[in-house]
Number of protein chains: 2
Amino acid sequence: MKESTLCPKFEKGMQLLGKRWTGLILYQLLSGPQRFCALEGALPVSGRLLSERLKDLEKEGLVHRQVFTDSAPVRVEYSLTEMGKALTPVLKGIETWSQSWIELNADEMANDSEE
Amino acid sequence: MKESTLCPKFEKGMQLLGKRWTGLILYQLLSGPQRFCALEGALPVSGRLLSERLKDLEKEGLVHRQVFTDSAPVRVEYSLTEMGKALTPVLKGIETWSQSWIELNADEMANDSEE
DNA sequence: GTAACAAAGTTACTTTTCGTTAGTAAGTAT
DNA sequence: ATACTTACTAACGAAAAGTAACTTTGTTAC
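Residues numbered from 1 in each chain as written. Chains lettered and ligands numbered in written order. Predicted model: local features only at pLDDT ≥ 70, side-chain atom pairs only at ≥ 80, totals over all residues. Heavy atoms only, no water.

Caption draft 1: Region of the structure containing the protein's contact with DNA strand D. Taken together, 21 residues lie near DNA strand D, and A:Arg48, A:Arg53, B:Arg65, B:Val76 and B:Tyr78 sit nearest. Counting only atoms of DNA strand D within 4 Å of the protein, the sugar-phosphate share comes to 79%. Between a base nitrogen of DNA strand D and a side-chain N or O atom of B:Arg48, the distance comes to 3.4 Å. Of all the secondary-structure elements, those providing two or more residues to the surface near DNA strand D are helix 4 (47-60) of chain A together with helix 3 (36-42), helix 4 (47-60) and strand 3 (75-80) of chain B. The class makeup of the residues in the surface near DNA strand D is 10 nonpolar, two polar and nine charged. (Near = heavy atom within 4 Å. Polar contact = N/O pair within 3.5 Å; in protein donor to acceptor, adjacent residues only side chain to side chain. Helix = DSSP H or I, 4+ residues; strand = E, 2+ residues; numbered from the N terminus. Nonpolar A, V, L, I, M, F, W, Y, C, P; charged D, E, K, R; others polar.)

What follows is the structure in C-alpha coordinates.
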(Lines give C-alpha, C1' and ligand atoms only; values in the text may rest on other atoms or scores of the structure.)
Protein backbone atom coordinates (compact mmCIF):
# COMPACT_ATOMS: atom_id res chain seq x y z
CA MET A 1 0.00 0.00 0.00
CA LYS A 2 1.19 3.44 -0.92
CA GLU A 3 1.72 6.39 1.33
CA SER A 4 -0.51 9.40 1.15
CA THR A 5 0.07 13.09 1.64
CA LEU A 6 -3.12 13.37 3.65
CA CYS A 7 -3.38 14.15 7.31
CA PRO A 8 -3.38 10.76 9.02
CA LYS A 9 -6.13 11.79 11.43
CA PHE A 10 -8.44 12.76 8.64
CA GLU A 11 -7.55 9.61 6.79
CA LYS A 12 -8.40 7.52 9.82
CA GLY A 13 -11.64 9.39 10.38
CA MET A 14 -12.66 8.78 6.80
CA GLN A 15 -11.72 5.16 7.09
CA LEU A 16 -14.04 4.86 10.06
CA LEU A 17 -17.01 6.60 8.49
CA GLY A 18 -16.22 5.08 5.14
CA LYS A 19 -16.89 1.60 6.42
CA ARG A 20 -20.14 0.05 5.37
CA TRP A 21 -22.94 0.60 7.90
CA THR A 22 -20.95 2.77 10.28
CA GLY A 23 -22.68 5.96 9.24
CA LEU A 24 -26.13 4.47 9.39
CA ILE A 25 -25.51 2.94 12.80
CA LEU A 26 -24.32 6.26 14.19
CA TYR A 27 -27.24 8.06 12.61
CA GLN A 28 -29.64 5.60 14.15
CA LEU A 29 -28.09 6.23 17.56
CA LEU A 30 -28.59 9.97 17.20
CA SER A 31 -32.17 9.46 18.33
CA GLY A 32 -31.01 8.05 21.65
CA PRO A 33 -29.67 4.88 23.27
CA GLN A 34 -30.86 1.73 21.64
CA ARG A 35 -30.69 -1.99 22.08
CA PHE A 36 -29.02 -4.40 19.77
CA CYS A 37 -32.25 -5.79 18.40
CA ALA A 38 -33.65 -2.30 17.81
CA LEU A 39 -30.67 -1.38 15.66
CA GLU A 40 -30.87 -4.70 13.88
CA GLY A 41 -34.51 -4.07 13.13
CA ALA A 42 -34.05 -0.49 12.00
CA LEU A 43 -31.14 -1.09 9.62
CA PRO A 44 -30.73 -3.52 6.76
CA VAL A 45 -27.61 -4.95 8.35
CA SER A 46 -27.11 -8.48 9.59
CA GLY A 47 -26.47 -9.25 13.24
CA ARG A 48 -23.01 -10.46 12.46
CA LEU A 49 -21.90 -7.18 10.93
CA LEU A 50 -23.81 -5.05 13.41
CA SER A 51 -22.00 -6.78 16.22
CA GLU A 52 -18.66 -6.28 14.49
CA ARG A 53 -19.28 -2.59 13.76
CA LEU A 54 -20.49 -1.84 17.27
CA LYS A 55 -17.39 -3.47 18.67
CA ASP A 56 -15.22 -1.30 16.41
CA LEU A 57 -17.12 1.85 17.28
CA GLU A 58 -16.85 1.08 20.98
CA LYS A 59 -13.12 0.50 20.66
CA GLU A 60 -12.70 3.79 18.80
CA GLY A 61 -14.67 5.61 21.46
CA LEU A 62 -17.72 6.67 19.45
CA VAL A 63 -20.19 4.35 21.08
CA HIS A 64 -20.84 3.26 24.63
CA ARG A 65 -22.10 -0.21 25.50
CA GLN A 66 -24.05 -0.78 28.66
CA VAL A 67 -25.36 -4.12 29.88
CA PHE A 68 -28.38 -4.36 32.15
CA THR A 69 -28.21 -7.62 34.05
CA ASP A 70 -31.09 -6.80 36.36
CA SER A 71 -33.92 -6.92 33.85
CA ALA A 72 -35.52 -10.04 32.47
CA PRO A 73 -33.38 -11.12 29.48
CA VAL A 74 -30.01 -9.42 29.59
CA ARG A 75 -30.52 -6.08 27.94
CA VAL A 76 -27.69 -4.29 26.15
CA GLU A 77 -27.93 -0.66 25.23
CA TYR A 78 -25.74 1.24 22.86
CA SER A 79 -25.40 5.00 22.96
CA LEU A 80 -23.20 7.72 21.50
CA THR A 81 -20.28 9.07 23.48
CA GLU A 82 -19.29 12.74 23.30
CA MET A 83 -17.07 11.83 20.40
CA GLY A 84 -19.97 10.14 18.68
CA LYS A 85 -22.32 13.02 19.35
CA ALA A 86 -19.80 15.41 17.88
CA LEU A 87 -20.55 13.83 14.52
CA THR A 88 -24.17 15.00 14.60
CA PRO A 89 -23.70 17.93 12.20
CA VAL A 90 -21.84 15.72 9.76
CA LEU A 91 -24.53 13.05 9.76
CA LYS A 92 -27.28 15.64 9.50
CA GLY A 93 -25.33 17.25 6.69
CA ILE A 94 -25.24 14.01 4.77
CA GLU A 95 -28.96 13.59 5.36
CA THR A 96 -29.71 17.04 3.99
CA TRP A 97 -27.42 16.57 1.04
CA SER A 98 -29.03 13.25 0.22
CA GLN A 99 -32.48 14.78 0.32
CA SER A 100 -31.43 17.52 -2.06
CA TRP A 101 -29.34 15.63 -4.56
CA ILE A 102 -29.94 11.92 -4.55
CA GLU A 103 -32.32 10.53 -7.08
CA LEU A 104 -33.62 7.02 -6.94
CA ASN A 105 -33.85 4.95 -10.05
CA ALA A 106 -36.61 2.49 -10.84
CA ASP A 107 -34.86 -0.49 -9.27
CA GLU A 108 -34.33 1.30 -6.03
CA MET A 109 -37.91 2.54 -5.90
CA ALA A 110 -39.14 -0.98 -6.50
CA ASN A 111 -36.78 -2.43 -3.94
CA ASP A 112 -38.11 -0.01 -1.44
CA SER A 113 -41.78 -0.76 -1.77
CA GLU A 114 -41.68 -4.51 -1.62
CA GLU A 115 -39.69 -7.42 -0.12
CA MET B 1 -31.40 -8.48 2.86
CA LYS B 2 -33.79 -6.87 5.25
CA GLU B 3 -35.84 -3.77 4.75
CA SER B 4 -35.08 -0.63 6.69
CA THR B 5 -37.23 2.14 8.05
CA LEU B 6 -34.73 4.70 6.81
CA CYS B 7 -35.29 7.21 4.08
CA PRO B 8 -34.06 5.51 0.92
CA LYS B 9 -32.35 8.67 -0.31
CA PHE B 10 -30.35 9.00 2.86
CA GLU B 11 -29.57 5.33 2.77
CA LYS B 12 -28.29 5.63 -0.75
CA GLY B 13 -26.25 8.70 0.10
CA MET B 14 -24.66 6.90 2.98
CA GLN B 15 -23.97 3.90 0.81
CA LEU B 16 -22.13 6.16 -1.60
CA LEU B 17 -20.00 7.95 0.98
CA GLY B 18 -19.65 4.77 2.98
CA LYS B 19 -17.68 3.12 0.24
CA ARG B 20 -13.99 2.85 0.73
CA TRP B 21 -12.05 5.77 -0.78
CA THR B 22 -15.06 7.71 -1.99
CA GLY B 23 -14.75 10.32 0.72
CA LEU B 24 -11.05 10.79 0.24
CA ILE B 25 -11.38 11.05 -3.51
CA LEU B 26 -14.04 13.72 -3.20
CA TYR B 27 -12.00 15.56 -0.59
CA GLN B 28 -9.00 15.52 -2.86
CA LEU B 29 -11.08 16.99 -5.65
CA LEU B 30 -12.19 19.87 -3.43
CA SER B 31 -8.91 21.57 -4.22
CA GLY B 32 -9.76 21.65 -7.91
CA PRO B 33 -9.83 19.50 -11.04
CA GLN B 34 -7.21 16.83 -11.07
CA ARG B 35 -5.81 14.19 -13.32
CA PHE B 36 -5.98 10.50 -12.74
CA CYS B 37 -2.33 10.15 -11.87
CA ALA B 38 -2.49 13.10 -9.46
CA LEU B 39 -5.27 11.44 -7.53
CA GLU B 40 -3.46 8.14 -7.63
CA GLY B 41 -0.37 9.81 -6.23
CA ALA B 42 -2.18 11.74 -3.53
CA LEU B 43 -4.21 8.86 -2.12
CA PRO B 44 -3.18 5.42 -0.95
CA VAL B 45 -5.54 3.80 -3.39
CA SER B 46 -4.64 1.55 -6.28
CA GLY B 47 -5.34 2.53 -9.88
CA ARG B 48 -7.84 -0.24 -10.24
CA LEU B 49 -10.02 0.96 -7.40
CA LEU B 50 -9.55 4.62 -8.22
CA SER B 51 -10.80 3.95 -11.72
CA GLU B 52 -13.76 2.01 -10.39
CA ARG B 53 -14.69 4.67 -7.84
CA LEU B 54 -14.39 7.51 -10.34
CA LYS B 55 -16.63 5.65 -12.73
CA ASP B 56 -19.23 5.22 -9.96
CA LEU B 57 -18.99 8.83 -8.92
CA GLU B 58 -19.35 9.96 -12.49
CA LYS B 59 -22.40 7.75 -12.96
CA GLU B 60 -23.96 9.12 -9.77
CA GLY B 61 -23.32 12.65 -10.91
CA LEU B 62 -20.79 13.78 -8.31
CA VAL B 63 -17.79 13.92 -10.57
CA HIS B 64 -17.20 15.14 -14.08
CA ARG B 65 -14.69 13.50 -16.40
CA GLN B 66 -13.07 15.46 -19.17
CA VAL B 67 -10.64 14.07 -21.71
CA PHE B 68 -8.12 16.30 -23.45
CA THR B 69 -7.12 14.64 -26.69
CA ASP B 70 -5.19 17.61 -27.94
CA SER B 71 -2.29 17.47 -25.52
CA ALA B 72 0.64 15.10 -25.68
CA PRO B 73 -0.44 11.87 -23.93
CA VAL B 74 -4.20 11.82 -23.47
CA ARG B 75 -4.94 13.84 -20.40
CA VAL B 76 -8.00 13.11 -18.30
CA GLU B 77 -9.25 15.53 -15.71
CA TYR B 78 -11.73 14.86 -12.97
CA SER B 79 -13.66 17.58 -11.22
CA LEU B 80 -16.59 17.96 -8.88
CA THR B 81 -20.03 18.72 -10.26
CA GLU B 82 -22.46 20.96 -8.39
CA MET B 83 -23.69 17.86 -6.62
CA GLY B 84 -20.18 16.99 -5.62
CA LYS B 85 -19.37 20.52 -4.51
CA ALA B 86 -22.47 20.51 -2.35
CA LEU B 87 -20.71 17.96 -0.17
CA THR B 88 -18.00 20.44 0.79
CA PRO B 89 -19.37 21.24 4.25
CA VAL B 90 -19.79 17.56 5.02
CA LEU B 91 -16.24 16.73 4.01
CA LYS B 92 -14.86 19.73 5.86
CA GLY B 93 -16.95 18.70 8.84
CA ILE B 94 -15.41 15.26 8.86
CA GLU B 95 -11.98 16.84 8.62
CA THR B 96 -12.62 19.09 11.60
CA TRP B 97 -14.12 16.28 13.60
CA SER B 98 -11.13 14.05 12.85
CA GLN B 99 -8.72 16.74 13.97
CA SER B 100 -10.56 17.17 17.25
CA TRP B 101 -11.31 13.62 18.19
CA ILE B 102 -9.17 11.08 16.42
CA GLU B 103 -6.14 9.77 18.20
CA LEU B 104 -3.48 7.78 16.48
CA ASN B 105 -1.98 4.78 18.16
CA ALA B 106 1.65 3.72 17.95
CA ASP B 107 1.16 1.49 14.92
CA GLU B 108 -0.50 4.21 12.95
CA MET B 109 2.16 6.74 13.86
CA ALA B 110 4.85 4.31 12.77
CA ASN B 111 3.02 3.45 9.58
CA ASP B 112 2.90 7.08 8.75
CA SER B 113 6.58 7.88 9.05
CA GLU B 114 8.01 4.98 7.11
CA GLU B 115 7.17 2.27 4.49
C1' DG C 1 -39.92 -30.17 34.14
C1' DT C 2 -39.56 -29.62 29.51
C1' DA C 3 -40.79 -27.43 25.13
C1' DA C 4 -40.79 -23.19 22.92
C1' DC C 5 -39.20 -18.33 22.79
C1' DA C 6 -36.29 -14.11 23.18
C1' DA C 7 -31.85 -11.25 23.36
C1' DA C 8 -27.35 -10.85 22.06
C1' DG C 9 -24.24 -12.64 20.02
C1' DT C 10 -20.86 -16.35 17.54
C1' DT C 11 -19.52 -19.92 14.00
C1' DA C 12 -19.30 -21.78 9.59
C1' DC C 13 -19.76 -21.16 4.86
C1' DT C 14 -20.51 -18.56 0.34
C1' DT C 15 -20.25 -14.48 -2.40
C1' DT C 16 -18.34 -9.83 -3.22
C1' DT C 17 -15.08 -6.57 -2.99
C1' DC C 18 -10.13 -5.29 -2.48
C1' DG C 19 -5.28 -5.09 -3.36
C1' DT C 20 -1.41 -6.37 -6.18
C1' DT C 21 0.80 -7.34 -10.18
C1' DA C 22 0.74 -7.46 -15.30
C1' DG C 23 -0.56 -5.99 -19.41
C1' DT C 24 -2.78 -2.87 -23.11
C1' DA C 25 -3.33 1.22 -26.37
C1' DA C 26 -2.00 5.64 -27.92
C1' DG C 27 1.35 8.82 -28.23
C1' DT C 28 6.46 10.96 -27.31
C1' DA C 29 11.23 11.24 -26.86
C1' DT C 30 15.73 9.45 -28.37
C1' DA D 1 12.98 0.58 -32.93
C1' DT D 2 13.09 0.85 -27.93
C1' DA D 3 11.89 2.75 -23.93
C1' DC D 4 8.68 5.66 -21.43
C1' DT D 5 4.23 7.98 -20.08
C1' DT D 6 -0.88 8.17 -19.10
C1' DA D 7 -5.02 6.03 -18.23
C1' DC D 8 -6.78 2.24 -17.83
C1' DT D 9 -8.30 -3.18 -17.82
C1' DA D 10 -7.60 -8.36 -16.70
C1' DA D 11 -6.45 -11.92 -13.69
C1' DC D 12 -5.95 -13.77 -9.33
C1' DG D 13 -5.37 -14.52 -4.26
C1' DA D 14 -6.85 -12.26 0.15
C1' DA D 15 -9.97 -9.84 2.98
C1' DA D 16 -14.60 -8.33 4.02
C1' DA D 17 -19.56 -8.86 3.72
C1' DG D 18 -23.91 -11.61 3.52
C1' DT D 19 -26.63 -15.68 5.05
C1' DA D 20 -28.10 -19.21 7.92
C1' DA D 21 -27.66 -22.04 11.77
C1' DC D 22 -26.21 -22.47 16.43
C1' DT D 23 -25.11 -21.01 21.49
C1' DT D 24 -26.14 -19.09 26.04
C1' DT D 25 -28.88 -17.36 29.61
C1' DG D 26 -33.00 -16.62 31.19
C1' DT D 27 -38.79 -16.68 30.59
C1' DT D 28 -43.05 -18.07 29.77
C1' DA D 29 -46.48 -21.72 28.48
C1' DC D 30 -48.31 -26.12 29.51
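Caption draft 2: Structural view of the relation of the copies chain A and chain B. Superposition of chain A onto chain B requires a rotation of 180° combined with a translation of 0.0 Å along the rotation axis, giving an RMSD of 0.1 Å. Both chain copies can therefore be described as sitting about a two-fold axis. Within chain A, the C-alpha atom positioned nearest to the axis of rotation is that of A:Gly18, 2.0 Å from it. With an isologous cut-off of 70% or more, the 100% of interface residues of chain A that recur at the interface of chain B puts this contact in the isologous class. (Least-squares fit on C-alpha atoms with pLDDT ≥ 70 in both. Contact = heavy atoms within 4.5 Å.)

Caption draft 3: Structural detail: the sheet that holds strand 3 of chain B. Residue and element names in this part refer to chain B. Spatial ordering of the open sheet is given by 1-3-2, a layout of three strands whose pairing is antiparallel. The strands lining the two open edges of the sheet, one partner per strand, are strand 1 (34-35) and strand 2 (63-68). Along the sheet, helix 2 (residues 22-30) makes contact with strand 1, strand 2 and strand 3, crossing strand 3 at roughly 95°. (Pairing = 2+ DSSP bridges. Axes fitted to C-alpha atoms, helices over the stretch in contact; angles between N-to-C directions.)

Caption draft 4: Representation of the interface of chain A and chain B in the model. Contact with chain A, which involves 49 residues of that partner, is made by 50 residues of chain B. Taken as a group, A:Lys9, A:Phe10 and A:Trp97 account for 14% of the area that chain A buries against chain B, more than any other trio of residues on that side. Considering only residue class, the side of chain A that touches chain B consists of 25 nonpolar, 10 polar and 14 charged. (Buried area = accessible area lost by both parts, 1.4 Å probe.)

Caption draft 5: Representation of the packing of helix 1 (residues 8-17) of chain A against helix 6 (residues 88-101) of chain B in the model. In contact at an axis separation of 8 Å, helix 1 of chain A and helix 6 of chain B are set at 115° when each is read in the N-to-C sense. In terms of axis orientation, helix 1 of chain A runs roughly perpendicular to helix 6 of chain B. For helix 1 of chain A against helix 6 of chain B, the interelement crossing comes out right-handed. Where helix 1 of chain A abuts helix 6 of chain B, its residues A:Lys9, A:Phe10, A:Gly13, A:Met14 and A:Leu17 lie against B:Leu91, B:Ile94, B:Glu95, B:Trp97, B:Ser98 and B:Gln99. Considering only residue class, the contact of helix 1 of chain A with helix 6 of chain B consists of six nonpolar, three polar and two charged. (Parallel < 35°, antiparallel > 145°, perpendicular 65-115°, else oblique. Left-handed = near helix turned anticlockwise from the far one by under 90°.)

Caption draft 6: Broad picture of the confidence of the model for chain A. Residues and elements named next belong to chain A. The pLDDT averaged across chain A works out to 88; a share of 85% of its residues lies at or above 70. Confidence, expressed as mean pLDDT per element, reaches its minimum in chain A at helix 7 (residues 106-113) with 56 and its maximum at helix 5 (residues 82-85) with 97. Confidence drops under pLDDT 50 across residues 111-115; counting only partners more than four residues distant or on other chains, this segment forms four contacts. (pLDDT = per-residue confidence, 0-100.)

Caption draft 7: Quick look at the pattern of salt bridges. Throughout the structure, instances matching the rule amount to 10 salt bridges over all chains. Residues A:Lys19 and A:Asp56 are paired through a salt bridge, measuring 3.6 Å at the closest nitrogen-oxygen approach. Taken together, the residues A:Lys19 in the loop between helix 1 and helix 2 (22-30) and A:Asp56 in helix 4 connect sequence positions 37 residues apart. Taking relative accessible area as the criterion, A:Lys19 reaches 39% and is therefore assigned partly exposed. The partner of B:Glu60 in a salt bridge is B:Lys12, and the shortest N-O contact between them spans 3.4 Å. (Salt bridge = Lys/Arg side-chain N within 4 Å of Asp/Glu carboxyl O. Buried < 20%, exposed > 50% of the residue type's maximum accessible area, 1.4 Å probe, protein only.)

Caption draft 8: Inspection of the packing of helix 2 of chain A against helix 6 (residues 88-101) of chain A at higher detail. Residues and elements named next belong to chain A. For the pair helix 2 and helix 6, interaxial distance at closest approach is 10 Å and the crossing angle is 105°. With respect to helix 6, the element helix 2 is oriented roughly perpendicular. On the side of helix 2, the interface is formed by Gly23, Leu26, Tyr27 and Leu30, while helix 6 contributes Thr88, Leu91, Lys92 and Glu95. Here the residues of the contact of helix 2 with helix 6 sort into four nonpolar, two polar and two charged.

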